[in-house]
Amino acid sequence: MLKVLNVVGARPNFMKVAPIVDAMRRRADEFLPLIVHTGQHYDAQMSDAFFNDLGIPKPDVYLGVGSGSHAVQTAAVMQQFEPVVLEHKPDWVLVVGDVNSTIACALVCVKLGIKVAHVEAGLRSRDRAMPEEINRLLTDQIADLLLTPSTDGDENLRAEGIPDERIRFVGNVMIDSLFHQLERAEASTVREDLGIAGTDYVALTLHRPSNVDDRETFERLLTALEAISARLPVIFPVHPRTRGRIAEFGLSDRVAAATNLRLIDPLGYLDFLRLYSGARLVLTDSGGIQEETTALGIPCLTLRENTERPITVTHGTNQVVGTDTAKIIAAANAILDKPRTTDAPTPPPFWDGHTADRILDALLEASKM
Ligand code: UD1
């Protein structure tokens, strides 16, 4: 029986851990799962809504770390996570993704000699100005088991000198959540509530510091969004970071004047799935949404200069368009000028809804080594 501490911290972690904990509970003769929530994200809409929608059991431990500078937040997670590990003495600690909680908890464990598995290992944007890239590089250097969502991840890890024994290609666990929840999301009334049911619309998310913390970049994006929203309604669930910047940069009036650019509060997992799955086009700077749109065959424009998920471009529906106003408008128009595609999507290998079980198998196998 393997005792596994599963760490979650921020919004993009919840849909990765949900299917893993679910599989561990199903395989209760082999696994004893515990959940630690660092509290990096704490608002009801950024955290609780996901536990409810995804049916994740209440965390066994809640650290309540909250927001702060990178150093403050990372250090607070480390300080508060260490006694939890010492108390529970798990066989494995499982961390997911690339947020500050991921590297903080991995670092605590490696110093205590507790084995760490990293889910979503090997992704690289090659942009070291991105905080997540540093978190990815460092977590992969110290974790014992590196579970990759696509084989470009394996190649990146090998190129960084990581031996094959530590790498397992298991597929994309976030797509397990997507496929498990697709039917349940049909009960969401978000499209009706927004008055867009049965119509064409665009879904938008924006929260990367490189996009929203820099006024000039944010304004360039806003100009493009104004133009696109003149053509179709753009539904924009606004991340708290972005909400703050709109106010701070004095952009509230300009945003309000674009009446078809519709700012709404962040959505839970099922409502957001219902929203983007019906969109004609998705605009985003998120990593996960590039993958989710690829799995469903929805056209996606990534408003960044790079992606750590190149498979969504080579095998999916994603185009990395950057932040130039004219380029974004041209790419959006090119998609909207064509009829909606009705071809069934062909997701990348192992994006099949069964990644959680492969992760559990890999943990069992690695425990014997
Ligand atoms: C974090 C992750 C990022 C991920 C994103 C998803 C890191 C380095 N970044 O960025 O990879 O894509 O989460 O959302 O780990 N805030 C709230 N309520 C909350 C959480 C945050 O109001 O529940 C506000 C706070 O003012 C905070 C700001 O949002 O200062 C940013 O939050 P933070 O967790 O620092 O980073 P994110 O931008 O959310």
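Further up the page is the structure itself.
Here is a short report on the structure shown in this document. (Residues numbered from 1 in each chain as written. Predicted model: local features only at pLDDT ≥ 70, side-chain atom pairs only at ≥ 80, totals over all residues. Heavy atoms only, no water.)

**Looking at the environment of proline 131**
- Tracing the backbone shows proline 131 in helix α5 (residues 131–142).
- Residue classification places proline 131 among the partly exposed residues on the basis of a relative accessible area of 25%.
- Placed 33 residues apart in sequence, proline 131 and aspartate 98 show a C-alpha to C-alpha distance of 8.6 Å. (Helix = DSSP H or I, 4+ residues; strand = E, 2+ residues; numbered from the N terminus. Buried < 20%, exposed > 50% of the residue type's maximum accessible area, 1.4 Å probe, protein only.)

**Quick word on the packing of aromatic side chains**
- Per the stated rule, a full pass over the model turns up five aromatic pairs.
- The interplanar angle of 55° and the centroid separation of 5.1 Å between the aromatic rings of phenylalanine 272 and tyrosine 276 together place this pair among those described as tilted. Residue phenylalanine 272 and its partner tyrosine 276 are both found in helix α13 (residues 269–277); the two are separated by four residues, about one turn of the helix.
- Among the residues examined, phenylalanine 272 registers a relative accessible area of 14% and is labelled buried.
- In this structure tyrosine 276 comes out as buried when scored by relative accessible area, which is 1%.
- Three or more aromatic residues joined by ring pairs make a cluster, and in this case those are Phe14, Phe50 and Phe51.
- The positively charged end of arginine 358 is found above the aromatic ring belonging to phenylalanine 350, 3.7 Å away from the centroid. (Phe/Tyr/Trp six-rings, centres within 6.5 Å; stacked < 30°, edge-to-face > 60°. Lys NZ or Arg CZ within 6 Å of the ring centre and 35° of its normal.)

**What to know about α5**
- The terminal C-alpha atoms of α5, which comprises twelve residues, lie 17 Å apart, in line with the 16 Å expected from a rise of 1.5 Å per residue.
- Among the residues of α5, Glu132, Glu133, Asn135, Arg136, Leu137, Thr139 and Asp140 are the ones counted as buried.
- Lining the buried residues of α5 we find β4 (92–96), α4 (100–112), β5 (115–119), β6 (145–148) and α6 (151–159). (Expected span 1.5 Å × (residues − 1). Contact = heavy atoms within 4.5 Å.)

**Focus on the pattern of salt bridges**
- A complete count under the given rule lists 28 salt bridges for this structure.
- Here glutamate 30 and arginine 27 are joined by a salt bridge, their closest N and O atoms 2.8 Å apart.
- Between glutamate 226 and arginine 254 there is a salt bridge, and its shortest N-O distance comes to 2.8 Å. Of this pair, glutamate 226 sits in helix α10 (residues 215–229) while arginine 254 sits in helix α12 (residues 252–257), and the two are 28 residues apart along the sequence.
- One network of salt bridges, in which partners are shared, links Lys16, Asp98, Glu120, Glu133, Arg136, Glu291, Arg304, Glu308 and Arg309. (Salt bridge = Lys/Arg side-chain N within 4 Å of Asp/Glu carboxyl O.)

**Considering the site of the ligand**
- Around the ligand there are 17 residues in total, and Gln40, His41, Glu132, His207 and Arg241 lie nearest to it.
- Take histidine 239: an N or O atom from its side chain is 2.9 Å from an oxygen atom of the ligand.
- Residue arginine 241 places a side-chain N or O atom 2.7 Å away from an oxygen atom belonging to the ligand.
- In isolation the ligand exposes 750 Å². Once the protein is present, 84% of that is buried.
- For the shell around the ligand, the elements supplying multiple residues, two or more each, are α3 (70–88) and α11 (240–248). (Near = heavy atom within 4 Å. Polar contact = N/O pair within 3.5 Å; in protein donor to acceptor, adjacent residues only side chain to side chain. Areas by Shrake-Rupley, 256 points an atom, 1.4 Å probe, with all protein chains shown as cover.)

**Quick look at the sheet that holds strand β2 (residues 31–37)**
- With parallel pairing, the seven strands of this open sheet are ordered in space as β3-β2-β1-β4-β5-β6-β7. In this open sheet, the two strands that pair with only one neighbour each are β3 (61–62) and β7 (167–169).
- Pairing between β2 and β3: two bridges, direction parallel. The partner of histidine 37 across the bridge, within β3, is tyrosine 62.
- Against the sheet, α4 contacts β1 (2–8), β4 and β5, and its axis sits at roughly 160° relative to β4. (Pairing = 2+ DSSP bridges. Axes fitted to C-alpha atoms, helices over the stretch in contact; angles between N-to-C directions.)

**Looking at the packing of helix α7 (residues 173–185) against α13**
- The contact between α7 and α13 brings their axes to 10 Å, and the two run at 85°. With respect to α13, the axis of α7 lies roughly perpendicular. Side by side, α7 and α13 meet where Met174, Ser177, Leu178, Gln181, Leu182, Arg184 and Ala185 of the first sit next to Tyr269, Leu270, Leu273, Arg274 and Tyr276 of the second.
- Residue composition of the contact of α7 with α13, grouped by class: eight nonpolar, two polar and two charged. (Parallel < 35°, antiparallel > 145°, perpendicular 65-115°, else oblique. Nonpolar A, V, L, I, M, F, W, Y, C, P; charged D, E, K, R; others polar.)

**Structural notes on the pairing of strand β11 (residues 281–284)**
- Alternating positions in β11 separate into two faces, Leu281 and Leu283 on one and Val282 and Thr284 on the other, with burial throughout.
- Strand direction decides the pairing type here: strand β8 (residues 202–204) and β11, joined by three bridges, are parallel. Pairing of valine 202 across the sheet is with leucine 281, part of β11.
- Sheet analysis places β11 next to strand β12 (residues 300–302), joined by three bridges and oriented parallel. Looking at the pairing, valine 282 lines up with cysteine 300 of β12.
- Taken together, β11, helix α14 (residues 288–296) and β12 form a β-α-β motif whose crossover is right-handed. (Right-handed = clockwise from strand over helix to strand, strands pointing away.)

**Details of the side chain of arginine 124**
- Residue placement: arginine 124 occurs in the loop between β5 and α5.
- Looking at arginine 124, its side chain comes within polar contact range of the side chain of aspartate 140, at 2.9 Å.
- One polar contact links arginine 124 to glutamate 160, side chain to side chain, over a distance of 2.7 Å.
- Beyond its immediate stretch of four places on either side in the chain, arginine 124 contacts Glu133, Arg136, Leu137, Asp140, Asn156, Leu157, Glu160, Thr307 and Glu308.

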